[in-house]
Amino acid sequence: MRVHVVSDVHGRSDALPGAAAGADAFVCLGDLILFIDYFDHGRGIMGELFGAEAVGRMIELRTEQRFDEAREWSRKLWAGVDGDRADVVEAAIRRQYAAMFSAFPTPTYLTYGNVDLPHLYPDFLRDGITLLDGQTTEIGGLTFGFVGGGLRTPMNTPYEIDDETYAAKVAAVGAVDVLCCHIPPHVPELVYDTEARRFERGSVAVLEAIHATQPRYALFGHVHQPLVAELEIGATRCVNVGHFNARGAPYVLEW
């Protein structure tokens, strides 16, 4: 059995067909939307609206963890846009989702990232694409559990939830062979982003579940340039499957 796993697609619908080639099943761990491209500032929703220079300034403020100033800068940019901000953003997201979901192979199993809008997913789901969050499914004789979204941060991305709600989803998944989350377990080496120069939020609940149930694999994304991409916790292999937007290649799981 061969399963290809991606995360943090962030607009790379063009690379999905190639990433799925040769797979018996395809798994996506969320973050389909590209709001800001940290490498090509002219790409993404913000880049298309405001240009590379303006987005570059926002990235600089975020990287320096000056989040209040970044939000103020964003407010100034949006003040010059005609129309309701929410409508403009949703229209852009819908265009990205339409391209993304049409590029998914079948079967695809996916969950949400922290930079996703769950209420829009039903408009784009089709036969062969299965959405899972706090749920399990069997793939090739192994039980896969899925936990979507992220935890609350100063970044205030679209799908951040409180720790208790997130922990309840982890508990609902229970013991599985492969635990698939958008965010990593709360391990310093796994949550530190070397490019952004900050610790992202990992999940204590996921870490506790790994210790308690020892799945074969814990797969996740979220941290684009992790200090450590893989490590073992007991019998569990913890793997950051990679920043698909930059790599264009999946993590391959075979058994």
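So, here's what we can say about the structure. (Residues numbered from 1 in each chain as written. Predicted model: local features only at pLDDT ≥ 70, side-chain atom pairs only at ≥ 80, totals over all residues. Heavy atoms only, no water.)

**What about the pattern of salt bridges?**
Oppositely charged side chains are able to pair whenever their charged atoms sit close together. On inspection of all chains with the given rule, the structure shows 15 salt bridges. Notably, a salt bridge pairs E254 with R2, separated by 3.0 Å at the nearest N-O pair. Of this pair, E254 sits in strand β15 (residues 251-254) while R2 is found in strand β1 (residues 2-6), placing the two residues 252 residues apart along the sequence. For R2, a relative accessible area of 28% gives the class partly exposed. Where R66 meets E64, a salt bridge forms, and the shortest distance between an N and an O atom there is 2.3 Å. (Salt bridge = Lys/Arg side-chain N within 4 Å of Asp/Glu carboxyl O. Helix = DSSP H or I, 4+ residues; strand = E, 2+ residues; numbered from the N terminus. Buried < 20%, exposed > 50% of the residue type's maximum accessible area, 1.4 Å probe, protein only.)

**Re the nonpolar core**
Among the nonpolar cores identified, the biggest contains 60 residues, and L32, Y97, F101, F104 and Y166 are the most heavily contacted of them. Counting residues per element, this core draws most heavily on helix α5 (residues 85-103), at 7 residues. Excluding its chain neighbours within four sequence positions, the residues that come into contact with F104 are L16, F26, C28, L32, L110, R126 and I129. If you look at the next biggest cluster of nonpolar residues, it comprises 18 residues, including V27, F146, V239 and V241. (Core = buried A, V, L, I, M, F, W, Y, C linked by side-chain atoms within 4.5 Å. Contact = heavy atoms within 4.5 Å.)

**As for the side chain of H4**
You can see H4 is positioned in strand β1. A distance of 2.6 Å separates the side chain of H4 from the backbone oxygen of A19, its partner in a polar contact. Once you skip the residues sitting within four places of it in the chain, H4 turns out to touch A19, A20, A21, G22, A23, A25, F26, V27, P250, Y251 and V252. (Polar contact = N/O pair within 3.5 Å; in protein donor to acceptor, adjacent residues only side chain to side chain.)

**Focus on helix α6 (residues 163-173)**
Taken together, the buried positions of α6 are occupied by Y166, K169, V170 and V173. Around the axis of α6, the buried residues are gathered within 100° of arc, so they sit on the same side. Pointing more than 90 degrees away from the buried face of α6 are the exposed residues E164, A171 and A172. Where α6 starts, the residue carrying a side-chain oxygen 3.1 Å from the main-chain nitrogen of E164 turns out to be D162. One or two residues past the end of α6 sits G174, with phi positive at roughly 70°. (Arc of directions from axis to C-beta.)

**What about the sheet that holds strand β13 (residues 230-233)?**
Reading across the sheet, the 6 strands line up as β5-β6-β9-β12-β14-β13 and stay open at both edges, with mixed pairing between neighbours. Strand pairing shows two members of the sheet lacking a second neighbour, β5 (135-139) and β13, which therefore form its edges. Within this sheet the neighbouring strands show an average axis-to-axis angle of 20°, counted without direction. With 3 bridges connecting them, strand β9 (residues 178-181) and strand β12 (residues 217-220) associate as parallel partners. Note on β12: the bridge partner recorded for C180 is L219. (Pairing = 2+ DSSP bridges. Axes fitted to C-alpha atoms, helices over the stretch in contact; angles between N-to-C directions.)

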